[in-house]
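Reading the structure
Listed here are the chains, written in short residue letters.
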Amino acid sequence: MNTKPHLIRILALIMLAAAVSAAAIGASPQTVRIGLTAFGGSNINISADSGLCVGKTGSSDNLLTAQPISIDLEAGSKGITIKFDNKSIDAGASLTITPSDPADTLRVTSENKLTRKYRKTLEINFNARSLRVINIVSLEDYLLGVLPAEMPNSYPAESLKAQAIAARTYALSNLRKHASKGFDLCDCTDCQAYIGVVAEKPNCAKAVRDTCGQVLMFDGKPASILYSNDCGGATRDYAELYPDCNTPYLCAVTEPDDIIHIIWQLAYRFTELEKKLRDAGIKEASGLKSMMVSKTGSTGWVLEIKITGENASTTITSSRLRKILGVSTLKSELFTIETLTSKELLIKGKGWGHGIGLCQVGAKALALPPHNLTYDKILAHYFPGTQISDCSTITTSETAMVPNGGNRRVSRSRPKKNKTPETPKKPFDVRLHVPESP
Ligand SMILES: [Zn+2]
């Protein structure tokens, strides 16, 4: 038996495998899987003007011989049923749907008649008598639907470009955040807001195109950045909340005095406040006598509050207070507390959001006269020490999700490790605009 042909074949296979592996490892992460949280019921309708190509996930064969314009999908007790033209077809546990014309979009309508349009591909997975809808889309197309949901289209072009790079960087550094649910990122503010094609706006789209592929890098990896609406004039140092983090670029930076920030105030009667604190389990607030700021960070952001009741006192974090009073009520943790009378106090604050990283209101002002900063200067202001790079240069270190359950390897920065990604211990990792509590 001549072994040479076998050896040559084996060597060829090894070389082919190495080439495929190298191509996968070297590739930039072009595709992301976005969980569409608004469509989690047991029934949805999907339609496309050009018709629908419907297949079982992982198979290139069409499940339907026709290419219907509209189908209903229903989650039964064992899997997904496709309904159209008075027919019912058992489709198993996972479907992949694309429009017949690749340039067309897919419309998804929920049980309560919410309709949104998405590009490219939808994967529908059976999940305990309900449907899980995932949009598999290129990173750049995803950003077209993110940017207008995260920053007004009317903002100056340079601030929109800075935001586009921030959103792209956030996506790359948080791939697989929802891996246990089969997607990379969700479509709400837990990750980044994304409502598909309907959200796309021309100025935002231009900013995405003008910065195509650009990401913020630190130490050879996409930076683990954050952004919020209004920092109140000075951003918050992330290390003051999490000293062991490796994110020196999330340091506190101050803004020029001429930038106008939101100011707000809240008046509370002690009795009202006592009830809220006690309802939250703070029994020391019984017979509330005072509540005052007891610790602040370098830029004035509050870290701790001292609460004194009739018989005891305690301290709580400012983020816990924000959670108790409501994140939309106590808009930020940059505030002072004034005791008005023995029965009333006043909380006076600035800004809106967690105040870490890029400040959107500040970025807008820095892009306008007299500052006239370009997007790279804006990003350097908020993320000192980072560099803008092309994401195709990213080398590999961790796996990211790809369609149909495969994996590709890409590099990403995760300085804040959560053992349970779905319920992180550090909520700043997951709330961009209105954080919960650290
Ligand atoms: Zn999420």
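Along each chain, numbering runs from 1 in the same order as the chain's sequence is written. pLDDT decides what is reported in this predicted model: residues at 70 or higher carry local features, side-chain atom pairs at 80 or more are listed and counted, and totals for whole chains, interfaces and linings draw on all residues regardless. To get the side-chain values, take all heavy atoms of the structure and skip hydrogens and water.

Cis rather than trans, the peptide bond between Pro-369 and Pro-370 has omega equal to 5°. Runs of E in the DSSP output that reach at least two residues are strands. Runs of H or I that reach at least four are helices, and both are numbered from the N terminus. For Pro-370, the location among the structural elements is in the loop between helix H8 (360-366) and helix H9 (375-382). The phi dihedral of Ala-128 is positive, around 50°, even though this residue is not glycine. Relative to the helices and strands, Ala-128 resides in the loop between strand S10 (121-127) and strand S11 (130-138).

Turning our attention to the coordination of the zinc ion. Metal sites are built from N, O and S donor atoms within 2.8 Å, or 3.2 Å for Na, K and Ca, and they leave out water, so they may look incomplete. Distances from the zinc ion to its protein donors, His-178 (NE2), Cys-186 (SG), Asp-190 (OD) and Cys-191 (SG), fall at 1.9 to 2.3 Å. Each label reflects the angles at the metal, where four donors whose angles all fall between 85 and 135 degrees are tetrahedral, four or six donors whose opposite pairs open beyond 155 degrees and whose other angles stay between 65 and 115 are square planar or octahedral respectively, and the rest are irregular. Each of the 4 donor atoms bound to the zinc ion contributes to angles spanning 95 to 124°, and the resulting shape is tetrahedral. Sequence spacing of the donor residues for the zinc ion, all on one chain, is H-x7-C-x3-D-C. Neither residue differs from the other here; His-178 and Cys-186 are each classed as buried. Only protein chains enter the calculation, and the probe is 1.4 Å; a residue is then buried if its accessible area is under 20% of its type maximum, exposed if over 50%, and partly exposed in between.

The disulfide criterion used throughout: a pair of cysteine sulfur atoms within 2.5 Å. Under the defined criterion, the tally for this structure stands at 0 disulfides. Note on Cys-359: no disulfide assigned, nearest cysteine sulfur contributed by Cys-231 at a separation of 3.1 Å.

Further remarks concern the pairing of strand S6 (residues 87-92). Pairing between strand S5 (residues 80-84) and S6: 5 bridges, direction antiparallel. When the sheet's bridge partners are listed, Phe-84 is paired in S6 with Lys-87. Pairs of strands are assigned from DSSP output, requiring at least two bridges between the strands. Hairpin connection between S5 and S6: a loop of 2 residues separates the two successive antiparallel strands, and Asp-85 in this loop has a positive phi of roughly 50°.

This part covers the confidence of the model for the protein chain. Looking at the protein chain as a whole, its pLDDT mean stands at 84, while 83% of the residues score no less than 70. This stretch, residues 1-28, has a pLDDT under 50; its non-local contacts, to residues over four places away or in other chains, come to 10 contacts. When the criterion is pLDDT under 50, residues 395-438 qualifies, and its contacts beyond four places in sequence or with other chains add up to 162 contacts. Each residue carries a pLDDT score, the predictor's own confidence in it, on a scale running from 0 to 100. The contact criterion used is simple: two residues touch if any of their non-hydrogen atoms lie within 4.5 Å.

Turning to the sheet that holds strand S16 (residues 263-269), a few remarks are in order. Within the open sheet, the 3 strands sit side by side as S16-S21-S20. Their pairing is antiparallel. On the outer flanks of this sheet lie S16 and strand S20 (335-339), each paired with one strand and no other. When the angles between neighbouring strand axes are averaged without regard to direction, this sheet yields 20°. Sheet topology places S16 next to strand S21 (residues 344-350); 7 bridges connect them, and they run antiparallel. When the bridges of S21 are listed, Gln-265 appears paired with Lys-348. Every angle, taken between N-to-C directions, lies between 0 and 180 degrees, and every axis is a line fitted to C-alpha atoms, over only the stretch in contact when it is a helix. Sitting on the sheet, helix H6 (residues 270-279) is in contact with S16, S20 and S21, with an inclination near 90° to S16.

Between the first and last C-alpha of helix H3 (residues 157-173) there are 24 Å, a value that for 17 residues agrees with the 24 Å anticipated at 1.5 Å per step. Here H3 lies mainly inside the structure; 16 of its 17 residues are buried. Here a helix's expected span is defined as the number of its residues, less one, multiplied by 1.5 Å.

Between Lys or Arg on one side and Asp or Glu on the other, a salt bridge is scored when a side-chain nitrogen of the former is within 4 Å of a carboxyl oxygen of the latter. With the rule as written, the count across this model stands at 13 salt bridges. Ionic pairing is found between Glu-123 and Arg-33, a salt bridge with its closest N-O pair at 2.8 Å. One end of the pair, Glu-123, is in strand S10; the other, Arg-33, is in strand S1 (residues 31-35), and 90 residues separate them in sequence. Residue class for Glu-123 comes out buried when judged on its relative accessible area of 4%. Judged by relative accessible area, which is 3%, Arg-33 ranks as buried. Where Lys-177 meets Asp-190, a salt bridge forms, and the shortest distance between an N and an O atom there is 3.8 Å. Residue Lys-177 is found in the loop between H3 and strand S12 (185-186), and its partner Asp-190 is found in the loop between S12 and helix H4 (202-210); the two are separated by 13 residues along the sequence. The class for Lys-177 is buried, based on a relative accessible area of 6%.

The next point concerns the pairing of strand S19 (residues 313-317). Pairing analysis gives 5 bridges linking strand S18 (residues 302-308) to S19, with the strands arranged antiparallel. Across the sheet, Thr-308 pairs through a bridge with Ser-313, a residue of S19. Between S18 and S19, which pair antiparallel in sequence order, lie 4 residues.

Before going further, it helps to spend a moment on the sheet that holds strand S14 (residues 221-222). The 3 strands are arranged S14-S13-S23 in an open sheet whose pairing can be described as antiparallel. With one partner strand each, in any of the chains shown, S14 and strand S23 (387-390) form the two edges of the open sheet. Looking at chain direction, strand S13 (residues 214-218) and S23 are connected through 4 bridges and run antiparallel. By the bridge assignment, Gln-214 is partnered in S23 with Asp-390. Across the sheet, H3 lies against S13, S14 and S23, angled at about 60° from S13, the strand it touches most.

Residues belong to a common nonpolar core when they are buried Ala, Val, Leu, Ile, Met, Phe, Trp, Tyr or Cys residues joined through side-chain atoms within 4.5 Å. Ranked by internal contacts, the top residues of the largest apolar core, which has 87 residues, are Ile-46, Ile-71, Leu-73, Ile-124 and Tyr-142. If you tally residues by element for this core, the top one is H3, at 9 residues. The contact partners of Leu-73, leaving out residues within four places of it in the chain, are Ser-42, Asn-43, Ile-44, Ile-46, Ile-80, Thr-81, Ile-82, Leu-95, Ile-97, Ile-124 and Leu-131. Core analysis: the second largest hydrophobic core is formed by 22 residues, Met-291, Ile-316, Leu-330 and Ile-337 among them.

Burial in H4 covers these residues: Cys-204, Ala-205, Ala-207 and Val-208. Axial view of H4: buried residues confined to an arc of 160°, hence all on one face. Turned more than 90 degrees away from the buried face of H4, the exposed residues are Pro-202 and Arg-209. Those residues of H4 that are buried lie in contact with helix H2 (139-150) and H3. Working note: the arc is built from the helix axis to C-beta atom directions.

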